[in-house]
Amino acid sequence: MKNCKIILAAALLAAACTPKASISGMLEGAPGHEVEVRELNVNVWKVLDTVKTNSSCAFHYNVPVEKGQPEFIYLYHNGTKIASLLLHSGDKVTVVADTLGNCTVEGSEDSRYLVENEKRFAVFASEFQRLDAAGGQGQAMARLFVEHYRENVRFLMEHPYSMADVPLLYESLNEYTPVFNQNTDAILFRGVCDSLKTVYPDSRYVKALEKETVRREQIMGMNNRIAGASEADYPDLRLPGIDGKEVSLADMENKAVILHFWDPSDAEQKMFNVDVLKPVYDRWHSRGLEIYAVGVSADKPEWASVVKAQELPWINVCDGQGTASQALRWYNVGNLPSSILVTKSRGLVPVEGGVPGLEKELARELK
């Protein structure tokens, strides 16, 4: 008997120490009903269990969740999804849902992000389908698509370490129309993947995202990563300027923009501003050129001092994150200084041959 007690105690202790997340739910108006708990295993659904609500419509379920490996958990009732959850080990969430699929979730920020993004996509998809059914709404549909794309990019930039990024990257109106459908979106995938790997290196979702990122990079090609994006959209940057107000790269109306990344603490790069960029700017600004210069520095006062001292006349921004800035990831910037030409007619344009090559492209664009 003593041995049985020891074994039982050990089993109870092991159960108590098993990494998990707990769900306390309420399915309004449905006492004694079944709630199916499903797990998304990358791209395959797995039914974990079925639980019943009690006479008060409440239910409880503990989900095994390893530390550092968040899980996507979905609750269903009679085939209708009633809740979407993104759970971390130790989470204690409260779900209040009805049988129509309306729900609120408390206790999990990532779950809130997941639900908000799902709702936003549902509104977008519904409006897109409405315009499609109306016919002759091509421009409105394209505008709606780009707006949703940019909202997604904004979320990715603002939440670089959230696992809610993963389903966002795979949004699709149908099997032929993914939201991220341009070659240059491989840059976005790489930025998100690299950020998530720093926090969740063992997550199967992140490992699957790494494979998809590599696949997209291969399609885009290491040597024509920019050349293949002649009419593609590009990641927007929305960074603060000297006055603290955010300036959007995508909102600029210039025919051509030099997106320039530089380090204000480096003497040679400061001279590059004066000796190279200023002459180019002076020659082409009146014909439609602008420069969007991203100061890669964690010392914003130093950056602002250099900008003012050099009287740099173009758009100057800095997020104060230094080499941790997501802007570097979005554009795959490995060395400083680095410049990319963004044009209205051709999107991202590869530039070869230094300043002469740049001016050749500007002459083509700013006729």
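Refer to the structure printed above.
Definitions and limits used
Sequence positions are assigned chain by chain, starting from 1 and proceeding in written order. With pLDDT at 70 or above as the cut-off, local features in this predicted model cover only qualifying residues; side-chain atom pairs require 80 or more to be listed or tallied, and sums for whole chains, interfaces and linings still use all residues. Calculated side-chain values reflect all of the structure's heavy atoms, with hydrogen atoms and water omitted. Helix and strand definitions here come from DSSP, where helices need a minimum of 4 consecutive H or I residues and strands a minimum of 2 consecutive E residues; each element is numbered from the N-terminal end. Three exposure classes are used, based on accessible area relative to the maximum for each residue type with a 1.4 Å probe and protein chains only: buried under 20%, partly exposed in between, and exposed over 50%. Under this definition, polar contacts are N or O atom pairs within 3.5 Å; protein pairs additionally need one hydrogen-donor-capable and one acceptor-capable atom, and for neighbouring residues in sequence, both atoms have to be side-chain atoms. Definitions used throughout: a 1 Å grid over protein atoms alone; a cavity as a set of points that fits a 1.4 Å probe which cannot get out; a pocket as an open set with protein on both sides within 12 Å along at least five of seven lines; a lining residue as one with an atom within 4 Å of a point. Grid points are joined across faces, edges and corners, and a volume is the space filled by probe spheres set on the points. Classes in brief: Ala, Val, Leu, Ile, Met, Phe, Trp, Tyr, Cys and Pro nonpolar; Asp, Glu, Lys and Arg charged; the others, Gly included, polar.

**A word on the environment of Arg238**
Next, step 1: Within the secondary structure layout, Arg238 lies in strand E9 (residues 238-240).
Next, step 2: The class for Arg238 is partly exposed, based on a relative accessible area of 30%.
Next, step 3: Along the chain, Arg238 and Tyr170 lie 68 residues apart, while their C-alpha atoms are 23 Å from each other.

**Here's the deal with the environment of Thr198**
Next, step 1: The residue Thr198 is located in helix H5 (residues 185-199) in this model.
Next, step 2: Separated by 111 residues in sequence, Thr198 and Ala309 have C-alpha atoms that sit 37 Å apart.
Next, step 3: Of the polar contacts made by the side chain of Thr198, one reaches the backbone oxygen of Ser195; its length is 2.5 Å.

**Points about empty space enclosed by the protein**
Any empty space left between atoms is shown by rolling a water-sized probe over those atoms.
Next, step 1: For the structure shown, the criterion picks out 1 cavity of 30 Å³ or more.
Next, step 2: Of the volumes computed, that of the largest cavity is approximately 50 Å³.
Next, step 3: Every residue along the wall of the largest cavity is listed here: Tyr234, Leu249, Met252, Asn254, Lys255, Ala256, Val257, Val342, Thr343 and Lys344.
Next, step 4: Put simply, the parts of the chain that give the lining of the largest cavity at least two residues each are strand E11 (256-262) and strand E14 (338-343).
Next, step 5: Looking at the lining of the largest cavity, its residues break down into 6 nonpolar, 2 polar and 2 charged.

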